[in-house]
Amino acid sequence: MRHVGWIAGAAAAVLVAAGTITYAVAAGDDSGTRAPAADSADAGFARDMAVHHQQAVEMSYIVRDRTKDVEVRRLAYDIAQTQANQRGMLLGWLDLWELPKVSSDAPMTWMGMGDMASSEDGSLMPGMATDTEMKRLGALNGKQAEVFYLQLMTDHHKGGVHMAEGCVAKCTVGVEKRLAQGMVAAQQSEIKLMADMLKERGAKARD
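Predicted model only: the values in this text are computed from it and were never measured. (Residues numbered from 1 in each chain as written. Predicted model: local features only at pLDDT ≥ 70, side-chain atom pairs only at ≥ 80, totals over all residues. Heavy atoms only, no water.)

## A short note on the side chain of Thr 67
Along the chain, the position of Thr 67 falls in the loop between helix H2 (41–64) and helix H3 (70–96). Judged by its relative accessible area of 5%, Thr 67 is buried. If near-sequence neighbours (up to four positions away) are discounted, Thr 67 is found in contact with Val 72, Arg 73, Gly 142 and Glu 146. (Helix = DSSP H or I, 4+ residues; strand = E, 2+ residues; numbered from the N terminus. Buried < 20%, exposed > 50% of the residue type's maximum accessible area, 1.4 Å probe, protein only. Contact = heavy atoms within 4.5 Å.)

Have a look at this one:
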């Protein structure tokens, strides 16, 4: 419970920072004065992470209806709120840059990994759950739902960290790079928290 409370505080700080970052880009602060190209890492990351985040939000709201465990419900709420806010920022930046929100290129092409992306059973990018896994999560209850959610979200965060690290290395818009770095730190912390929560439930992350 103590750990989740810390995450909740951190999530609130991220939301405040998110508003500041969005305003900074809109006001032309930093390198946000020049719009990146449609095939840039900045645009690719914004498009792909918006999709990645949307699934995390969906998973989090599913598990909130499948368990009464306060700790898991609070973590799920924090993840849903933080990632929904960040998703809005990413899509907002694409609007500000007057760039399309979808691309004919395969996901992660901006990372040089377009040939590794897969749409098999709805899993568009590394870490994303398949359609079958999403249906299974929606059918479980109690401890089983908690464990499966924590396992799915751990995988999801690992994929998200990998993409965010790619933006830190390749993106050119300063505020977007800083947001990506914040994602890396926050999601790595949540991965550690979820490992502890899984252990408390007699389980562990998937290999």
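Further notes follow.
## Structural notes on the confidence of the model for the protein chain
Here the protein chain averages 87 in pLDDT, and 82% of its residues register 70 or above. Every residue in residues 6–21 scores below 50 in pLDDT, and together they form 19 contacts with partners more than four places removed in sequence or on other chains. (pLDDT = per-residue confidence, 0-100.)

## With respect to the nonpolar core
Phe 45 and Leu 90 are the most contacted members of the largest nonpolar core, which has 30 residues in total. Looking at this core, the elements that each hand over two or more residues are H2, H3, helix H5 (142–170) and helix H6 (174–200). Setting aside residues up to four positions removed in sequence, Leu 90 forms contacts with Phe 45, Ala 46, Met 49, Ala 50, Glu 176, Leu 179 and Met 183. Residues Ala 56, Met 59, Ala 129 and Met 194 belong to the second largest nonpolar core, which totals 22 residues. (Core = buried A, V, L, I, M, F, W, Y, C linked by side-chain atoms within 4.5 Å.)

## A closer look at the state of the cysteines
For the structure on display, the rule yields one disulfide. Between Cys 167 and Cys 171 runs a disulfide, and the two sulfur atoms are separated by 2.2 Å. Disulfide Cys 167-Cys 171: the torsion about the S-S bond is -120°, which places it as left-handed. Of the residues examined, Cys 167 reaches a relative accessible area of 0% and is grouped as buried. Judged by relative accessible area, which is 4%, Cys 171 ranks as buried. (Disulfide = S-S within 2.5 Å.)

## Comments concerning the packing of aromatic side chains
Within the structure shown, the criterion is met by two aromatic pairs. Each ring, one from Phe 45 and one from Trp 110, has its centre 5.8 Å from the other, and the planes form 80°; the classification is edge-to-face. With Phe 45 in helix H2 and Trp 110 in the loop between H3 and helix H4 (131–139), the pair connects residues that are 65 residues apart, well separated along the chain. For the residue pair Phe 45 and Trp 110, the accessibility class agrees, reading buried in each case. (Phe/Tyr/Trp six-rings, centres within 6.5 Å; stacked < 30°, edge-to-face > 60°.)

## A closer look at the packing of H3 against H6
Orientation of H3 relative to H6, taken along the N-to-C sense of each, is 165°, at an axis distance of 12 Å. As far as their axial angle goes, H6 and H3 are roughly antiparallel. Here H3 and H6 pass one another in a crossing that is left-handed. Contacts between H3 and H6 involve Glu 71, Val 72, Leu 75, Ile 79, Gln 83, Gln 86, Met 89, Leu 90 and Trp 93 from the former and Val 175, Glu 176, Leu 179, Met 183, Gln 187, Glu 190, Leu 193, Met 194, Met 197 and Glu 200 from the latter. A per-class count over the contact of H3 with H6 returns twelve nonpolar, three polar and four charged. (Axes fitted to C-alpha atoms, helices over the stretch in contact; angles between N-to-C directions. Parallel < 35°, antiparallel > 145°, perpendicular 65-115°, else oblique. Left-handed = near helix turned anticlockwise from the far one by under 90°. Nonpolar A, V, L, I, M, F, W, Y, C, P; charged D, E, K, R; others polar.)

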